[in-house]
Amino acid sequence: MKDEKHREAADPSRRNFLKFGGVAAATATVGAAAGAGFVLGRDPDANVGWGRTEAGKDMYFNRESFRVDMSPTMQIVGKPERPEWGDQLFNRMGSLAKSIKAGWNPEEGWENIPDERVRAYYAKYPERWQEMLLSFSARIQHHENIEKYRDRFALAWAHTGAYNRGLNGNFPPKPEGHPDVDDFKWIKSDPVEFKSPAHASELIKKMAFKFGMSLVGITKLDPNFVFKNMMRGMPEWGDEIPAHWKNVIVFGVPMNWDPMYAAVGYSTSKDAYFRAKTAAGLLSAYLGELGYAARPQWPGNDYEIIVPPLAMQAGLGECTRNGILMTPEVGPNIRLAAVITNLDLEPDKPVDLKMKHFCEDCKICADACPSGSISKADKPDAVVRGFRKYEFNQDGCWRFWSQGPTKDAMGCRVCIAVCPYTRKNNWIHALVKETDPRDPTGLTRNALLAMQHNFFYYPEPEAFHGEWTGGHFAGYHQPPEWLRSEKYLNVEKTWEYDGNWEGF
Ligand code: SF4
Ligand code: SF4
């Protein structure tokens with residue numbers, strides 16, 4: 001039975017919906033819709049967030065019929081030479097700045113430039129030295145005038161300034177020392193004045209998107225979700241919450257879809273962590289450029305706050321059976337980061353999308369979990385710090401995390417991959433996501449769950465384990481072709497893949 005299921009999953013042409021031909025016409029219609037959904041699901045355009053770019057869809061121009069042996073604009077008319085160090089403008093600039101700092105005067109002329117490599121360049125192009133001299137006075141004029149135009153260019157200044165800080169090596173820097181000092185380190189001038197908190201929220205959300213995030217929401221800082229005795233850089237912190245911690249901007253980005261579906265072995269959270277971390281740093285630097293305090297919270301660097309419940313309060317989604325934030329756009333396939341700020345913002349409100357009811361009926365993640373860590377109870381069956389939730393065995397989950405088959409990709413993510421909400425943005429998924437929260441009868445939910453259970457293959461929980469613990473590295477989906485060693489590397493393929501085919 002397992003082999004049969006496996007073969008079907010591995011071969012979409014055999015696993016077509018014709019096998020349901022004998023059942024009711026309504027089922028065939030649903031099957032056809034699902035088939036269309038499958039085709040669309042394979043299209044990177046269905047990816048949510050940055051998936052289209054990641055899948056190479058932005059490089060759309062077909063160059064093949066224009067290929068030539070030599071670019072027509074690369075005309076060789078002499079003996080090609082390798083470039084000198086001094087040919088690079090910013091190398092020369094850096095060297096000249098050092099010389100000026102050390103007391104050298106540019107008025108002495110290029111013939112007296114202390115750095116021989118820079119001198120050699122201007123010996124070759126003496127007429128360009130005049131331009132360089134003019135650039136020094138242009139820069140002085142720039143510094144003299146820049147503040148006069150600050151109002152007009154304040155946002156453009158902050159935008160570039162944030163990226164400029166992001167280009168520094170250790171970015172964002174870990175908070176160090178008291179937040180009353182550290183959180184203000186990016187501020188260089190008085191705060192800009194927003195027309196209203198609503199205007200501030202609108203702009204900050206736009207910027208979170210521009211810094212690479214797919215979803216963003218804002219909430220007041222609820223002290224229930226601030227850790228006690230936790231302040232990065234201050235080991236003996238205690239319970240105090242800094243007075244300027246007013247609002248939290250919560251944002252996130254999905255993990256790359258196809259590896260995530262191929263959890264455990266082929267998936268990673270680090271891709272989305274990296275993007276979320278970068279955005280947290282950029283947004284913090286941007287707030288600092290505008291004159292406001294910011295304390296970024298990003299994966300892999302501890303947190304002073306618990307982000308998922310704040311994301312719920314900010315209206316990004318609801319909590320799932322497995323304790324993860326679930327959003328209408330990307331389901332639980334989201335990695336979060338946040339920035340705490342003193343900027344007055346208009347907060348968002350939580351949402352009721354009936355995900356709670358869906359989780360009560362579904363249990364797919366609990367059935368698939370390779371460590372049995374997710375509750376199968378009909379209703380939330382635990383109370384954690386005063387909040388009703390599903391029981392979740394963190395340590396059991398961690399035990400399974402600890403046995404992943406790749407060196408750096410600690411984790412599992414099976415519960416995210418199998419969740420019916422973790423689906424790409426094709427029309428059938430969009431239709432269901434829009435219909436279910438508006439359907440008071442629960443019929444949409446039941447129909448979707450029936451489809452999930454009947455049309456999809458779920459490996460047994462044990463199959464997700466590594467071979468050394470009795471499994472065979474199964475995934476909800478098989479890996480995408482770009483993660484298959486045998487396609488690109490000179491290796492002997494001694495394994496079979498177990499999981500649904502790519503798509504959906
Ligand atoms: S990450 Fe894996 S082990 Fe942990 S709860 Fe989810 S499915 Fe279970
Ligand atoms: S798989 Fe089902 S039960 Fe689990 S989080 Fe998703 S909807 Fe809820």
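These numbers come from a predicted model, not from an experiment.

Caption draft 1: Local environment of the overall build of the chain. Across its full length, the chain holds 19 helices and eight strands. Taking all 504 residues of the chain together, 46% fall into the buried category. Pairs at least 24 apart in sequence give 72% of the contacts found in the chain among residues at least 6 apart. When the accessible surface of the chain is summed, it comes to about 27400 Å², and 55% of that surface belongs to carbon and sulfur atoms.

Caption draft 2: Region of the structure containing the site of ligand 1. Taken together, Cys-369, Pro-370, Ser-371, Ile-374, Phe-392, Cys-397, Phe-400, Trp-401, Cys-412, Arg-413, Val-414 and Cys-415 make up all the residues around ligand 1. Within the residue set of the shell around ligand 1, elements represented by two or more residues are helix 15 (394–401) and helix 16 (414–418). With three residues, the single largest contributor to the shell around ligand 1 is helix 15. Looking at side-chain class alone, the shell around ligand 1 contains ten nonpolar, one polar and one charged residues.

Caption draft 3: Highlighting the site of ligand 2. The immediate surroundings of ligand 2 are formed by Thr-320, Arg-321, Met-326, Phe-358, Cys-359, Cys-362, Lys-363, Ile-364, Cys-365, Cys-419 and Pro-420. When contributions to the shell around ligand 2 are tallied by element, the ones reaching two or more residues are helix 13 (355–362) and helix 14 (364–368). No other element matches the three residues that helix 13 contributes to the shell around ligand 2.

Caption draft 4: Up close: the confidence of the model for the chain. Across the chain, pLDDT averages 85, with 89% of residues at or above 70. Across residues 1–28, where pLDDT falls below 50, the model places 35 contacts with residues more than four positions away in sequence or in other chains.

Caption draft 5: Broad picture of the packing of aromatic side chains. According to the stated counting rule, one finds 14 aromatic pairs in the structure shown. Centroid distance Tyr-121 to Tyr-122: 5.0 Å. Interplanar angle 85°. Geometry classified as edge-to-face. In this structure Tyr-121 comes out as buried when scored by relative accessible area, which is 7%. With 5.0 Å between their ring centres and 45° between their planes, Tyr-121 and Tyr-125 make a pair best called tilted. Through a chain of ring-to-ring contacts, three or more aromatic side chains come together here, namely Trp-104, Tyr-121, Tyr-122, Tyr-125 and Trp-129. Of note, Arg-128 hangs over the ring of Tyr-125, and the distance from its end group to the ring centre comes to 3.8 Å. Cation over ring: Arg-484 sits above Tyr-497, and NZ or CZ is 4.4 Å from the ring centre.

Caption draft 6: Representation of the state of the cysteines within the structure. Tallied over the full model, the rule gives zero disulfides. Between Cys-319, a free cysteine, and Cys-359, which holds the nearest cysteine sulfur, the sulfur-to-sulfur gap is 8.0 Å.

Caption draft 7: Main features of the packing of helix 7 (residues 150–166) against helix 11 (residues 270–289). Look at helix 7 against helix 11: their axes get within 8 Å of each other, and the N-to-C directions meet at 145°. When the axes of helix 7 and helix 11 are compared, the crossing they make is right-handed. Contact residues: Arg-150, Leu-155, Trp-157, Ala-158, His-159, Gly-161, Ala-162, Tyr-163, Arg-165 and Gly-166 in helix 7; Leu-282, Ala-285, Tyr-286 and Glu-289 in helix 11. When grouped by side-chain class, the residues that make up the contact of helix 7 with helix 11 number eight nonpolar, three polar and three charged.

Caption draft 8: The arrangement of the sheet that holds strand 1 (residues 215–220) in detail. Here we have four strands laid out as an open sheet, ordered 1-2-6-3, and antiparallel in their pairing. Both edges of this open sheet fall to strand 1 and strand 3 (294–297), since each of them pairs with a single strand only. Along the sheet, successive strands turn relative to each other by an average axial angle of 20°, direction set aside. As defined by bridge partners, strand 3 adjoins strand 6 (residues 335–341) across four bridges and the pair is classed as antiparallel. Bridge pairing links Pro-296 to Val-339 in strand 6.

Caption draft 9: Region of interest: the pattern of salt bridges. In this structure the tally under the stated criterion is 17 salt bridges. Between Arg-295 and Glu-304 there is a salt bridge, and its shortest N-O distance comes to 3.1 Å. Here Arg-295 and Glu-304 have matching classes, each one buried. Overlapping salt bridges bring together Asp-182, Asp-183, Lys-185, Arg-232, Arg-295 and Glu-304 as one network.

Caption draft 10: Here's a closer look at helix 4 (residues 89–101). Under the 1.5 Å per step criterion, the end-to-end length of helix 4 is 18 Å for 13 residues, consistent within 8% with the ideal 18 Å. Burial in helix 4 covers these residues: Arg-92, Ser-95, Leu-96 and Ser-99. For helix 4, the angular spread of buried residues about the axis comes to 100°, placing them on one side. Exposed residues pointing more than 90 degrees away from the buried face of helix 4 are listed as Phe-90, Lys-98 and Lys-101.

Caption draft 11: Structural view of the pairing of strand 2 (residues 247–253). Among the seven residues in strand 2, seven count as buried, and that is most of the element. Pairing between strand 1 and strand 2: six bridges, direction antiparallel. Pairing of Ile-218 across the sheet is with Ile-249, part of strand 2. Across seven bridges, the pairing between strand 2 and strand 6 is antiparallel. When the bridges of strand 6 are listed, Asn-247 appears paired with Thr-341.

Caption draft 12: The arrangement of the environment of His-159 in detail. Note that His-159 resides in helix 7. Looking at His-159, the relative accessible area reads 31%, which means it is partly exposed. Separated by 131 residues in the primary sequence, His-159 and Leu-290 place their C-alpha atoms 9.7 Å from one another. The residues touching His-159, leaving out its near neighbours within four places in the chain, are Met-207, Phe-211 and Tyr-286.

Thresholds, definitions, all that
- Residues numbered from 1 in each chain as written.
- Chains lettered and ligands numbered in written order.
- Predicted model: local features only at pLDDT ≥ 70, side-chain atom pairs only at ≥ 80, totals over all residues.
- Heavy atoms only, no water.
- Helix = DSSP H or I, 4+ residues; strand = E, 2+ residues; numbered from the N terminus.
- Buried < 20%, exposed > 50% of the residue type's maximum accessible area, 1.4 Å probe, protein only.
- Contact = heavy atoms within 4.5 Å.
- Areas by Shrake-Rupley, 256 points an atom, 1.4 Å probe, with all protein chains shown as cover.
- Near = heavy atom within 4 Å.
- Nonpolar A, V, L, I, M, F, W, Y, C, P; charged D, E, K, R; others polar.
- pLDDT = per-residue confidence, 0-100.
- Phe/Tyr/Trp six-rings, centres within 6.5 Å; stacked < 30°, edge-to-face > 60°.
- Lys NZ or Arg CZ within 6 Å of the ring centre and 35° of its normal.
- Disulfide = S-S within 2.5 Å.
- Axes fitted to C-alpha atoms, helices over the stretch in contact; angles between N-to-C directions.
- Left-handed = near helix turned anticlockwise from the far one by under 90°.
- Pairing = 2+ DSSP bridges.
- Salt bridge = Lys/Arg side-chain N within 4 Å of Asp/Glu carboxyl O.
- Expected span 1.5 Å × (residues − 1).
- Arc of directions from axis to C-beta.

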